Amino acid sequence: MTMINEAEFIGLNDKPALLAISAPEWLDAAKGVLAEIGYKVHAASNHDDFIVRFGRIQYQLVLIEELFAANSPEENYTLRYLQRMPMAQRRHAVFILLGNSFSTLNTLQAFQHSVHAVVNRDEMALLGASILGPIVQRVVADNDLFLHVLRDTQRQLLQGRA
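This text gives an overview of the structure that appears in the document. For clarity, every value in this text was computed on a predicted model and none was experimentally measured.

On to helix α3 (residues 77-84), then. Restricting attention to buried positions, one finds in α3 the residues Thr78, Leu79, Arg80 and Leu82. Where α3 is buried, its residues touch β1 (15-20), α2 (47-56), β3 (61-65), α4 (87-90) and β4 (94-99).

Structure (structure tokens):
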């Protein structure tokens, strides 16, 4: 499993992921699954740690537990922080919210929480933690397809070809 520490260099071809998951069994499962599909994984220990890490590295994937460091969804300051963040700061990452109150890949619920996708933890438990890999790959591919034109235009502008 690939865990990165603060001093490890993240190259252009690396895929950094940030986890905001409190439940140890889900944290371990997510780390393993994401490492298997090529992500370098960081795990935030609390809300402040998440904000610092998210500000330092341009993460491609963020998995957030509905009750991360909280007793209720309303106390999840990490999720609130991301929901209030301007889209220009969020656009580089795909956000997936894990919780028991969601229907996996329900687009309306994802939209309501300002994330790309929601995943029901109980459904994932029934199907096995490894189902998270294909879900992540699908959501990331959908996001890449959706933002392809924007990213291509930005790349051309940076290269002075637009």
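Tallied over the entire structure, the rule returns two aromatic pairs. For the ring pair Phe50 and Phe54, a centre distance of 5.7 Å and an interplane angle of 10 degrees mean the geometry is stacked. Here Phe54 and Phe50 lie together in helix α2, a separation of four residues that amounts to about one turn. Phe50 sits in the buried class, given a relative accessible area of 0%.

Now for the pairing of β4. Among the six residues of β4, six are classified as buried, and the element is accordingly described as predominantly covered. Alternating residues of β4 divide into Val94, Ile96 and Leu98 and Phe95, Leu97 and Gly99, and every residue in both groups is buried. With five bridges joining them, β3 and β4 adopt parallel strand pairing. Paired with Leu61 across the strands is Val94, a residue of β4. Bridge count for β4 against strand β5 (residues 117-120) is four bridges, and the pairing is parallel. Across the sheet, residue Ile96 finds its bridge partner in β5, namely Ala117. Chirality of the crossover, the property in question, places the unit of β4, helix α5 (residues 107-112) and β5 among those that are right-handed.

In this structure, Leu19, Leu34, Tyr39, Leu61, Leu63, Ile96 and Val136 are the most contacted members of the largest nonpolar core, which totals 26 residues. Looking at this core, the elements with two or more residues in it are β1, α1 (24-36), β2 (39-43), β3, β4, β5 and α7 (132-158). Excluding its chain neighbours within four sequence positions, the residues that come into contact with Leu61 are Pro16, Ala17, Leu18, Leu34, Tyr39, Val94, Ile96, Val136 and Val140. Residues Tyr59, Val62, Leu82 and Val118 belong to the second largest nonpolar core, which totals 20 residues.

Among all positions in α2, only His47, Asp49, Phe50, Arg53 and Phe54 are buried. Each buried residue of α2 sits inside an arc of 155 degrees when the element is viewed along its axis, so together they form one side. Opposite its buried face, α2 presents the exposed residues Asp48, Gly55 and Arg56, each directed more than 90 degrees away. Looking at the buried positions of α2, the neighbouring elements they touch are β1, β2, β3, α3, α4 and β4.

The rules we used
Residues numbered from 1 in each chain as written. Predicted model: local features only at pLDDT ≥ 70, side-chain atom pairs only at ≥ 80, totals over all residues. Heavy atoms only, no water. Buried < 20%, exposed > 50% of the residue type's maximum accessible area, 1.4 Å probe, protein only. Helix = DSSP H or I, 4+ residues; strand = E, 2+ residues; numbered from the N terminus. Contact = heavy atoms within 4.5 Å. Phe/Tyr/Trp six-rings, centres within 6.5 Å; stacked < 30°, edge-to-face > 60°. Pairing = 2+ DSSP bridges. Right-handed = clockwise from strand over helix to strand, strands pointing away. Core = buried A, V, L, I, M, F, W, Y, C linked by side-chain atoms within 4.5 Å. Arc of directions from axis to C-beta.

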